[in-house]
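Observations on the three-dimensional arrangement
So you can see what is in the structure, the chains are spelled out below.
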Amino acid sequence: MKKYSIQLITILALFTCMLEGCKIESEIYDKINPGVFPQNEEDVKALVSSSTYHVFSPWRIFAIATGYTIVSDIVTDHVENTWGWTTLYNSYEANDWHIDGDDRRNYDYISYLSAMTLCIDRIKDVGIHEELLERYIAEVKCGMGFLSFLLYDLYGPIPIPDLEILKDPLNEQILPRLSEEEMQQYIETHLLEAAEVLPYKYDAANYGRFTKGLANTLLLKFYMLTRQWDKAEAVGRELTRAEYGYELVPDYHSLFTLEGEINSETIFSSIAKAGVMEGQWHAHVLTADFPTPGDKTITKWGGYKITWPFYESYEANDKRKEKIYGEYTGTEGVEHSRLLDRDSGTQGLLYRGAVPVKYGFDGVVGEKCEIDMPIYRYADVITLLAEAIVRNGNQVTTEALNYLNQVRNRAGLPSYTFNEVNNVETFLDKILLERGHEFYLEGVRRQDLIRHGKFIEYAIQKAEFAGEPTAKIATQVDGVYKYERFPIPTKVIAEGKGIIKQNPGF
């Protein structure tokens, strides 16, 4: 039986509009009588779950179709889309990353930051045990740091109202986007304060709740994003301490199965549950005639693919490649491969690339998948730590090489020797490639390419391979590549009346 303790679905009807983002968030504050709710721990837990955890579900910012993970990866060198409407080059050349299309949904989740701010104000004086109350507040602060980090990564600074503004909803104010310094301080402060209070881990009954490990992993990724190598190295080392209990699992593929959900490697997963809040992984990646277990009815829309150049960059014995299908025989006996599907005709189901099955089939019914989606894993931590060590000291160390080789060895690959990667540039190139192979379709690649200064270079190569135009891709505005950030939705800019500024070049 699937263990699932966080009652993300036990959400009071009062919060329906807040969760859907259909009302000004501060109005919720006046709809709840503080003399009636919240009054006890059960009320506090319900409020924290609805305001804080729900946004990180497979129905919100980690939705397969339009969530952070796929939106981040689809614009990189390793993911393609058979449907065509979110491919990198099409978005560049035609309509600036679908400025008002599905990709904008991630920006809409900004409303949850207001809900979390109001949540802390609501629960701070509830008469429950002080230590328990502090933990609930820390969970909300972790959520605030988590969500603001994801939005900052995609869009840059955003407008964030403070408590006093939210408590005065009748006084309509249009807030400008925070400055870079203010935005970074907001993220870091909330994560540091959360990490100070949250426990290292929970028992299985509380699987899914935010932990010290999650808060510090987010800090690690934030420091890497902002190129604070010394802080990144320090927090990366912190996460290797025994108190956290993290280690790689022996079987990579088990991480993406129903039976392997609770393990020593996954730091945070987006929780899925049958009949409640499922994902849609298989529906989005399986081609129409892809063979699946005969006792299951599985929807197959055939959208997302691993690009052929990236698929072929894997070493022959890499176990991680085993669930990426570059060739297969379909249910009607038709054979598919890069050579056979070299055009987009009837047979051309692999025209855009290989099929990234990745997840197991247990817990899949129709278009719905009950398997939790790993968002952050210990493999992510130790490879980022290895990179931070090398960048911070400007030299390759045995320690950094050992962390890289742990991930390679788990994939069935031989260790790199020191002589093979003894200069900084070579090591960084190897770790960029290794992380690409390890975290395909986990929302990691875009950050990595930007950090390594290769995002635009690889975007051009991807477009050229597909025979698509590249004229706009290298666009710079004030010396910065335009497409390293997504555009703010037009509706937000229009309603901002000149106060909310668009990202440069859009």
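For the structure given in this document, a descriptive report is provided here. (Residues numbered from 1 in each chain as written. Predicted model: local features only at pLDDT ≥ 70, side-chain atom pairs only at ≥ 80, totals over all residues. Heavy atoms only, no water.)

1. Regarding helix 3 (residues 41-53)
Selection criterion: Think of it in three bands: with a 1.4 Å probe and only protein chains considered, a residue is buried below 20% of the maximum accessible area for its type, exposed above 50%, and partly exposed in between. In this description a helix means any DSSP run of H or I spanning at least four residues, a strand means any run of E spanning at least two, and both kinds are numbered starting from the N terminus. For this analysis, a polar contact is any N or O atom pair within 3.5 Å, provided that within protein one partner can donate a hydrogen and the other can accept it, and provided that sequence-adjacent residues contribute only side-chain to side-chain pairs.
Across the 13 residues that make up helix 3, a large majority, ten, are buried. Considered for burial, the residues of helix 3 that qualify are Asp43, Val44, Ala46, Leu47, Val48, Ser49, Ser50, Ser51, Thr52 and Tyr53. Its side-chain oxygen placed 3.2 Å from the backbone nitrogen of Glu42, Asn40 serves as the N-cap of helix 3.

2. Digging into the nonpolar core
Operational definition: We call a set of buried Ala, Val, Leu, Ile, Met, Phe, Trp, Tyr and Cys residues a nonpolar core when their side-chain atoms join them within 4.5 Å. Whether two residues are in contact is decided by their heavy atoms, any of which lying within 4.5 Å being enough.
Formed by 140 residues in total, the largest nonpolar core has its most connected members in Phe56, Phe62, Phe146, Leu147, Tyr376 and Phe427. At 16 residues, helix 8 (residues 130-155) tops the list of elements feeding residues into this core. Ignoring anything within four residues of it in the chain, the contact list for Phe427 reads Ala386, Val390, Val396, Ala400, Leu401, Leu404 and Val421.

3. A short note on the side chain of Thr117
Inspection of the secondary structure assignment puts Thr117 in helix 7 (residues 111-123). At 2.9 Å, the side chain of Thr117 forms a polar contact with the backbone oxygen of Leu113. Filtering out sequence-adjacent residues up to four positions away, Thr117 remains in contact with Met144, Leu163 and Leu166.

4. Overview of the packing of helix 11 (residues 212-225) against helix 15 (residues 378-393)
Cut-off, in case you're wondering: Think of each axis as a best-fit line through the C-alpha atoms, taken over the contacting stretch in the case of a helix, with angles from 0 to 180 degrees between the N-to-C directions. The handedness criterion is simple: a crossing whose near helix is rotated anticlockwise from the far helix by less than a right angle is left-handed, and one whose near helix is rotated clockwise is right-handed. Only Asp, Glu, Lys and Arg are considered charged in this grouping, and only Ala, Val, Leu, Ile, Met, Phe, Trp, Tyr, Cys and Pro are considered nonpolar; every other residue, Gly among them, is considered polar.
Relative to each other, helix 11 and helix 15 sit at 35 degrees, their axes nearing to 11 Å. Where helix 11 crosses over helix 15, the two elements pack in a sense that is left-handed. Facing helix 11, whose interface residues are Thr217, Leu220, Lys221 and Met224, helix 15 presents Asp380, Val381, Leu384, Glu387 and Ala388. Considering only residue class, the contact of helix 11 with helix 15 consists of five nonpolar, one polar and three charged.

5. Brief notes about the environment of Val477
Looking at where Val477 falls in the secondary structure, it is placed in strand 11 (residues 476-477). Its relative accessible area of 23% is what places Val477 among the partly exposed residues. It is 6.2 Å that separates the C-alpha atoms of Val477 and Pro504, two residues lying 27 residues apart in sequence. Contacts of Val477, omitting those with residues within four sequence positions, involve Lys482, Pro504 and Gly505.

6. Considering the packing of aromatic side chains
Put simply, the rule is: Only rings of Phe, Tyr and Trp enter the pairing, Trp through its six-membered ring, and a pair is recorded when the two centres are within 6.5 Å. The plane angle decides the type: under 30 degrees is stacked, over 60 is edge-to-face, the rest tilted.
Throughout the structure, instances matching the rule amount to 24 aromatic pairs. Ring geometry for Trp308 against Tyr311: centres 5.6 Å apart, planes inclined by 85 degrees, an arrangement best described as edge-to-face. Of this pair, Trp308 and Tyr311 both sit in helix 14 (residues 308-311), three residues apart, which is roughly one turn of the helix. There is no split in this pair, since Trp308 and Tyr311 are both buried. Through a chain of ring-to-ring contacts, the aromatic side chains of Tyr53, Phe56, Phe62, Phe146, Phe210, Phe268 and Tyr376 assemble into a single cluster.

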